[in-house]
Structures are given as C-alpha cells and as structure tokens.
2 protein chains.
Amino acid sequence: VSLAKAMLVSLCINIIMSVVGLGAVVRTIPAVADMFINAGLFGRDLCKKERDKKIPESMGMVSGSVFLIIMFLFLAVPFGHHFMNMQTPFPHAAFAEYLTSLLCICCMLFLGFADDVLNLKWRYKLVLPTLASLPLLMVYYVNMGSTTIVVPKPLRVWLGLTLNIGPLYYIYMAMLAVFCTNAINIYAGINGLECGQAIVIATSVAMFNIVELCGYQSKSHYFSLCLIIPFITSSVGLFFHNRYPAKAFVGDTYTYFAGMTFAVVAIIGRFSKTVLLFFLPQIFNFLYSVPQLFRLVPCPRHRLPRYNHSMDKLEPSIAEFKASAVRSPVLVVLRMLAKLRLVQFEEGLGEDGNMCSLNNLTLINLILLLLGPQHEGKLTRNLLILQGISSLMAFFIRYPLADLFF
Amino acid sequence: VSLAKAMLVSLCINIIMSVVGLGAVVRTIPAVADMFINAGLFGRDLCKKERDKKIPESMGMVSGSVFLIIMFLFLAVPFGHHFMNMQTPFPHAAFAEYLTSLLCICCMLFLGFADDVLNLKWRYKLVLPTLASLPLLMVYYVNMGSTTIVVPKPLRVWLGLTLNIGPLYYIYMAMLAVFCTNAINIYAGINGLECGQAIVIATSVAMFNIVELCGYQSKSHYFSLCLIIPFITSSVGLFFHNRYPAKAFVGDTYTYFAGMTFAVVAIIGRFSKTVLLFFLPQIFNFLYSVPQLFRLVPCPRHRLPRYNHSMDKLEPSIAEFKASAVRSPVLVVLRMLAKLRLVQFEEGLGEDGNMCSLNNLTLINLILLLLGPQHEGKLTRNLLILQGISSLMAFFIRYPLADLFF
Ligand SMILES: [Mg+2]
Ligand SMILES: [Mg+2]
C-alpha cells in the first residue's frame, strides 16, 4: 500500500512538472522562432495561399529539450526517499533504466536535429538509430527482460504454450526504434499531423499503462507513465503552434524524438508487442507506401496532397509516369487495387496513350480519395479521429480478442 | 589478479576500438565537409591570406558522435562476462556510472551543436550545462561519493584532519562542467589550439589515471581511462584536420564535448580537485581575461591575434578606447600590470591625448607580447608546449609538493 501511495505521489508530481513543461514549450517556441529562421531552419508551407512565408522548422527541439529537462529534474522524485534514507538498498537497476531511456532519447534528439540541419543520408538514418538503441537492449538484457512470447491457442499443438525466441526478440526491439521513427516520419506533411498522431498514440499508451498499473508488471507500466506524461504535454505545447495554420514545423527532430520515446517506453515497459497495435494507421500507411518507397512505381520528391487555391482545400496528389516504366505484374496489382477503390489509377493518358496516372500512395491521399477534397485543418482532424478509432480497435484486439486466442 | 587481468584486457580492447575510431574521424571529416558547408556551418579563417575560403565549422560533432558510438559498443566489454554469466550479481552501480557519463556527454554534444547552429544566448549556455550535469551528481550521491576534503597541514589545528563540505562540494562539481567548457572555449581562436589543448589535458589525465590504477581507487581510475582513451583518439582525428593550416574548425560542439568529458571523468573518477591542476593555462587565461569579460575595460567582438600579411605572422591585437571609458582604479591596475610587462598599455594617444590602447587580454596575445610576432603554426606549437609544461608542474604539485602539505 505504501508503495502504491509513493507511486501515486510521484505521478502527481510528474503531472505538475509536465504541465509546467507545457507552458514552457508554448512560450519558448515563439521566443526562439527568429533564432531558428536566422539559422536557416525554416520551411515554406506548400498547402497555403502564402507560400513564401518562412515558418520555423525543427521546433521538436524545444519539445525534446523541455522533455529532457523535466525528466532530469523528475529523476530526483521516484528515487528521492532512497536519497534521504540510505538504509534500504538503492534500486540501481531501475535507476539504470531511467538513465538509458534518457540517453537513447537524447541521442535521437541530437540525431534528428543533425538531420534537420545537415540532411543526413539514408544509411545514417537507418544505422544510427539502431546504434542509439544499443544501451537500451543491454539494460533490457541485464534486467532479465523476457524474450518469451505466448503462442496463440491454434498453434500451441505444435509450438507449446510459450516460445523463447531469444536473439530474434532483440533484433525485433532494435528494429522497433527504427520503425517507430520512420513510420511517423512518412505519415506527415500536413499541419499538426506529426505531433497530433504522436499525442493520440502516447495517450493510448498512457491509458494502457493506467489499466495495467494494477497488474503484475505495475513497476514497468509506472515507469512508462513517468516518461509518457511529459512527452504528451511537451507535444501538446508543440501542437499548439503546429496545428492549422502552422506557425511552426516540427522537423525530423520531433519525429525522431517521438519514435524513440515510443520504442523506449515499449521496451523498458515490457509491452513491445502491444505498442504496435497503436501504430495501425502508420503501419497501413507504410504498407500502402511500399510500392513508391521501394520504387516499384515512380516516386516524386514530395507526396503531399495538392492545394487547390480556388476551393482552399486539399486534393489527392497525382504522379504521372510512362506505363513502360512499371513492370507488368505491378500494373496488374494496380488495376486490382483501383477496382477495390484503394488507388486512383488511370491508363491510356497522354497524346500517344502511353502515360498512366496514380495517386501518391499515402494514407492522407487515400482519405482524400475516399472523402473528397477537404480543408487542411479538417483533414488533420479527421486523420486524428481515425487514429483515435484505431486506438480503440487496438484496445479491443488487446483485451477481448486476445483472450480468445491466448 | 583475475580482476586486474580483466581490466587489462578491457583496456586493450578499448585502445583498439579507439584507434579504429581515430581512423573513422580522419576519414569522415572530409567526407561530410560539404554537407556542413551547405548547411551554413562554415567559418572563415581570419588569420590567413585567403580570408574568403569557407572552412567547415562544428566538426567536433564528428569526433563526438564517433566517441559515443565507440562507447556504446565498448559498454559490452567491461560488463561482458556478467552478460555471459548471470550468477554473479550484475554491477548495476558501475553500469549506471557509464550510462550517466554518456548521457551528460550526449546532452552537451547536442547543446554545443545547437549553439553552433542557433547561437544560443549566454543564459542558456550557463544554465543548460548545469542541468545536464544533474544526473551525474545524482549518481555520485547514490554511489556514496565522498564530499570530504583533506585539510592542509597548516590549517589542521583549526579544522581537523578532514572536512566534510557536503552541499558545497556538489555546487563545486556542478560548476566544474560549466568551468571546463567555457575555459576551453575562451582559450581558442588559432588553428589547432582547441583540440590540441584538450589532447594535452586528456593525455595528462590518462597518465594520472595510469599512475593511480594501482592505488586504492583503481576502479574509478579505470573507468576514467575507458572514457579518456577514445576521447583522445577522436580528438587526434579532429586535430589532424584542424591543425595549421586548418581544413576544419571544431566549433562550440567540440569545446562543450571536451569540457563535459573532463568534468565527467573527474567527477566519476573521483579526482575533481586534481583535474583543475591540468587546467593551469586555461585558468590563467580566464583570470587574465576577467577585465574584458566583465567589461571593466572595453571588449571588442573578436580578441584573436592580428594577422600581419607582410610577415605572415601573428601579432598581439590591440583594443583602443577613451581613457574616460575606464574607471580610475582600473587604470591604476593597468599601469601596474604594464610595468610588470603583463599587458601592453599605452596612454595619451589620439589627437587630443584622450585615447588608450591595450592588448586584448588573452594568453595567446600575452605570449605574442613576450615572444614577439610568430607564425600561426609555430604559435600553436608553443602554446601546446606550454600546456605540456604546466601538466608537468601539475604532477609536481600533485605528488612531491602535496606530500609536504597533506
Ligand atoms: Mg531531413
Ligand atoms: Mg556559438
């Protein structure tokens, strides 16, 4: 009981500090905007009438820095009574988990900011996050993290009740950081979407943690909560300036920061499989993007929706290419997808009937195809509602449905 | 004996990894130079004939990143046999020390790079390093770090053999990070000096650690060695490009990185007083700069030596100002220092005899005053020799002289 009370007190302090952090983010962003613009860290909003306005980029750096400062100060709280009373043995293992989490997040913030400033090459973007998650895996190993998965009922006849997949599990966790980061990074481009989706995911994670707080791994979920609450508030502060019409862009700094935070809480909180359920739209967007990402069909530099000046709405953007640029099995698949209304694919265009047109394969464009042209602010809201609905689905999969299979 | 053997093996692996790191830094810097220049991270060398050439700035980032990668990979080595054999209790406390050190260094790298890109204000430069060293102080506290100082013999009659200064010691350690960083940062400006001095200091620290490795705190000194060796090699890699004539500048990224590394090894290695002995030239330079830093006399934006085209040598740079701009006690002090030949101070200049001239108060200018104009490469070499001599003095103060007083 006294432990539960101590946790509750820590969480309350965490919430108070996080709210102060929210205020700090909201106030700091306009104060440093000019500093960022002068440093060349700005972008132009392609989905607006005024395309020439310089909008400060990489503002995720403010969120991330405030998050780190909150966590540095908060560290004293859960371990405070150990500081005072040195009789009880100090929980070094738990302390190391906090430190590693902050180390990994700090590395990714640094990497993300470096990417914004320097435009890193793809090989760095894939290798460096993996390296950055190395200390995390070590701590997971040291603290006797399980690498056992529960086998679904239908397969138990062959595989038994549980299966220890050992090293494969570590590879999975190392990939998780890279996946979370890039999944958010490619589901982006309209005002408020990057931090909006991260807020919805983080809130879902927090709800999951609260539900599990009474379970048999309460400590892990408590740990996750302590990280995710300041993450939510520092993201909300950023969202305040990034929502339509954006006065600040989040930059790769933010997507890296958010991606690593999710990977960290999932790994140290020991729900590294469940967390993927909260990424359903991102996973769909990634799979939907595969033909363009892996150049099975030509991929333009920007896949943003197209801004329609006269309507002040966004329309799906189209890529045009020669039919001969695409292999015939891909064409067959595209025709099938077009029948299912999952893509807008037209053939026989151009003077000689050799050209095709295909919508750019992002979830944003697909929603525009299904719902028709939308105002940017409304589109973000709809996408965030979709994110919320899929979080509800995730809870349904995780609880009633999982009981059927496990 | 088996522990000593394990340490030796780890150190050998550390050295091998560090040498590989050196190669990586030497090869990466020219490869990424254009990326930095395109991002606007470049400077011009004011002490050269060709002042217009763009020289990539902030290359300390490459050193720092390589250092972090080496350390992430190296982490597996000292704890490797614990990974294999989980019977012996895992040394969580030592592991936490490594993690915090890397966390603090990573934070400072991030901060330094942010400073290079954004030109942070002074208040951030003083507050943020203090916050970044917070986890370090916590770990020091948790691991029962001593806050007791040995009282010199003459004072023991009043104060006793030892004195526990408690919180004051923590304040001292928090200031150490800020001091190390800024002390290196203001003793800079000519090719190769920033990383040259850091290499000399780090080598002195390493030698001190090796001497103490057989002492009663061998573990702390071993820890320090594991961090300082990759620091030395990644700095040497940078020095290779930064030495006269510089093909890369180190940036605040490097001075922050170096400063925090020294603070970290000194604090966790438990030689936070001794380390200051290796900063004698930096301390002198700081004290010598005080009149300009605190605006007792006017301070120009750049205090670099002046480049003499015809001789291709550097001369002390001069600041001119009205005598009335300076308070009379300051004038008295300046006249005294001029008599001691510590400054070049002239009065009664200008048409109406109201102007004064004073050399800019840096150790670099003082050396030029004493030795006469010098070629830039030779000046750096002389300053580094001076650094080496003061390290020898530091060892003399630490060993034979300290035995007299303690
Ligand atoms: Mg980028
Ligand atoms: Mg600067």
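So, how was this worked out
- Residues numbered from 1 in each chain as written.
- Chains lettered and ligands numbered in written order.
- Predicted model: local features only at pLDDT ≥ 70, side-chain atom pairs only at ≥ 80, totals over all residues.
- Heavy atoms only, no water.
- Helix = DSSP H or I, 4+ residues; strand = E, 2+ residues; numbered from the N terminus.
- Rg over C-alpha atoms; globule rule 2.2 N^0.38 Å.
- Buried < 20%, exposed > 50% of the residue type's maximum accessible area, 1.4 Å probe, protein only.
- Contact = heavy atoms within 4.5 Å.
- Areas by Shrake-Rupley, 256 points an atom, 1.4 Å probe, with all protein chains shown as cover.
- Lys, Arg positive; Asp, Glu negative; His and termini not counted.
- Charge placed at Lys NZ, Arg CZ, Asp CG, Glu CD.
- Pairing = 2+ DSSP bridges.
- Axes fitted to C-alpha atoms, helices over the stretch in contact; angles between N-to-C directions.
- Core = buried A, V, L, I, M, F, W, Y, C linked by side-chain atoms within 4.5 Å.
- Buried area = accessible area lost by both parts, 1.4 Å probe.
- Salt bridge = Lys/Arg side-chain N within 4 Å of Asp/Glu carboxyl O.
- Parallel < 35°, antiparallel > 145°, perpendicular 65-115°, else oblique.
- Left-handed = near helix turned anticlockwise from the far one by under 90°.
- Nonpolar A, V, L, I, M, F, W, Y, C, P; charged D, E, K, R; others polar.
- Least-squares fit on C-alpha atoms with pLDDT ≥ 70 in both.

1. Points about the overall build of chain A
Move 1: When helices and strands are tallied, chain A shows 16 helices and nine strands.
Move 2: The globule rule puts the C-alpha radius of gyration for 406 residues at 22 Å, and the 23 Å found for chain A is close to it.
Move 3: Projecting the C-alpha coordinates of chain A onto the three principal axes gives extents of approximately 85 × 60 × 35 Å.
Move 4: Looking at chain A as a whole, 54% of its 406 residues qualify as buried.
Move 5: In chain A, the share of contacts with a sequence separation of at least 24, taken over all contacts with a separation of at least 6, comes to 74%.
Move 6: Entry remark: accessible area of chain A is about 17,900 Å², with carbon and sulfur atoms responsible for 67%.
Move 7: Of the charged side chains in chain A, 31 are positive and 20 negative, and the gap between their average positions amounts to 6 Å.

2. Describing the sheet that holds strand β8 (residues 345-349) of chain A
All names here are of chain A.
Move 1: Pairing within the open sheet is antiparallel, and its three strands lie in the order β7-β9-β8. Looking at which strands have only one partner, the edges of the open sheet turn out to be β7 (318-322) and β8. Ignoring strand direction, the axes of neighbouring strands in this sheet form an average angle of 20°.
Move 2: Pairing of β7 with strand β9 (residues 355-359) involves five bridges; the strand directions are antiparallel. Considered in β9, the bridge of Phe321 is made with Cys356.
Move 3: Where helix α14 (residues 328-339) meets the sheet, it contacts β8 and β9, and its direction lies at approximately 120° from that of β8.

3. Observations regarding the nonpolar core
Move 1: Phe113(A), Phe262(A), Phe113(B), Ile228(B), Phe231(B) and Phe262(B) are the most contacted members of the largest nonpolar core, which has 192 residues in total.
Move 2: Excluding residues within four positions of it along the chain, Ile228(B) makes contact with Ala202(B), Val205(B), Ala206(B), Asn209(B), Phe262(B) and Val265(B).
Move 3: In terms of nonpolar packing, the next biggest core, distinct from the first, is built from 27 residues, Cys47(A), Val297(A), Leu314(A) and Leu334(A) among them.

4. Section: the interface of chain A and chain B
Move 1: At the interface, 46 residues of chain A touch 46 residues of chain B.
Move 2: Buried area between chain A and chain B, summed over both chains or domains, comes out near 4,200 Å², and the portion from carbon and sulfur atoms is 88%.
Move 3: On the chain A side of the contact with chain B, Phe72(A), Phe110(A) and Leu118(A) bury the most area, a combined 17% of that side's loss.
Move 4: Across the contact surface, chain A and chain B share zero salt bridges.
Move 5: Listed by contribution, the elements that provide at least two residues to the side of chain A that touches chain B are α1 (2-38), α2 (60-74), α4 (92-118), α5 (122-132) and α6 (134-142) of chain A.
Move 6: Looking at the side of chain A that touches chain B, the element that brings in the most residues is α4(A), giving 16 residues.

5. Observations concerning the packing of helix α10 (residues 218-242) of chain B against helix α11 (residues 251-268) of chain B
Residue and element names in this part refer to chain B.
Move 1: Between α10 and α11, the least distance of the axes is 9 Å, while the angle of their chain directions is 165°. Here α10 is positioned roughly antiparallel relative to α11, judged by the angle of their axes. With respect to the hand of their crossing, α10 and α11 are arranged in left-handed fashion. Across the interface between the two elements, Ser220, Phe223, Ser224, Leu227, Ile228, Phe231, Ser234, Ser235 and Leu238 of α10 pack against Tyr254, Phe257, Ala258, Thr261, Phe262, Val264, Val265 and Ile268 of α11.
Move 2: For the contact of α10 with α11, the class distribution of residues is twelve nonpolar, five polar and no charged.

6. Some details on unusual backbone geometry
Move 1: Of note, the amide linkage connecting Tyr244(A) to Pro245(A) takes the cis form, showing an omega dihedral of -10°.
Move 2: Topologically, Pro245(A) is positioned in the loop between α10 (218-242) and α11 (251-268).
Move 3: Positive phi outside glycine occurs at Asp312(B), with the angle close to 55°.
Move 4: For Asp312(B), the position within the fold is in the loop between β5 (306-308) and β6 (313-315).
Move 5: Owing to a relative accessible area of 25%, Asp312(B) belongs among the partly exposed residues under this scheme.
Move 6: A positive phi angle is found at Arg341(B), which is not glycine, with a value near 60°.
Move 7: Overall, the relative accessible area of 58% leaves Arg341(B) in the exposed class.

7. Brief notes about the packing of α5(A) against helix α2 (residues 60-74) of chain B
Move 1: Put simply, α5(A) and α2(B) touch, their axes get as near as 10 Å, and they point 50° apart. Between α5(A) and α2(B), the angle falls in the class oblique. Crossing geometry of α5(A) relative to α2(B) is assigned as left-handed. When α5(A) is examined against α2(B), the residues Leu128(A), Leu131(A) and Ala132(A) are found in contact with a partner set consisting of Ile69(B), Phe72(B) and Leu73(B).
Move 2: Its residues placed into classes, the contact of α5(A) with α2(B) shows six nonpolar, no polar and no charged.

8. Comments concerning the relation of the copies chain A and chain B
Move 1: Rotating chain A by 180° about the axis while translating it 0.0 Å along that axis superimposes it on chain B, leaving an RMSD of 0.0 Å. Between the two chains, the operation in question is that of a two-fold axis.
Move 2: A share of 100% of interface residues in chain A that are also interface residues in chain B marks the association as one of identical surfaces.

9. Considering the pairing of strand β8 (residues 345-349) of chain B
Move 1: For β8(B) and strand β9 (residues 355-359) of chain B, the ladder comprises three bridges, and the chain directions are antiparallel. What sits directly across from Phe345(B), in β9(B), is Leu358(B).

10. Notes on the sheet that holds β9(B)
Residue and element names in this part refer to chain B.
Move 1: The strand order β7-β9-β8 describes an open sheet built from three strands, whose pairing is antiparallel. The open sheet is flanked by β7 (318-322) and β8, the only strands paired with a single partner. Looking at each pair of strands side by side, their axes are set apart by 20° on average, direction ignored.

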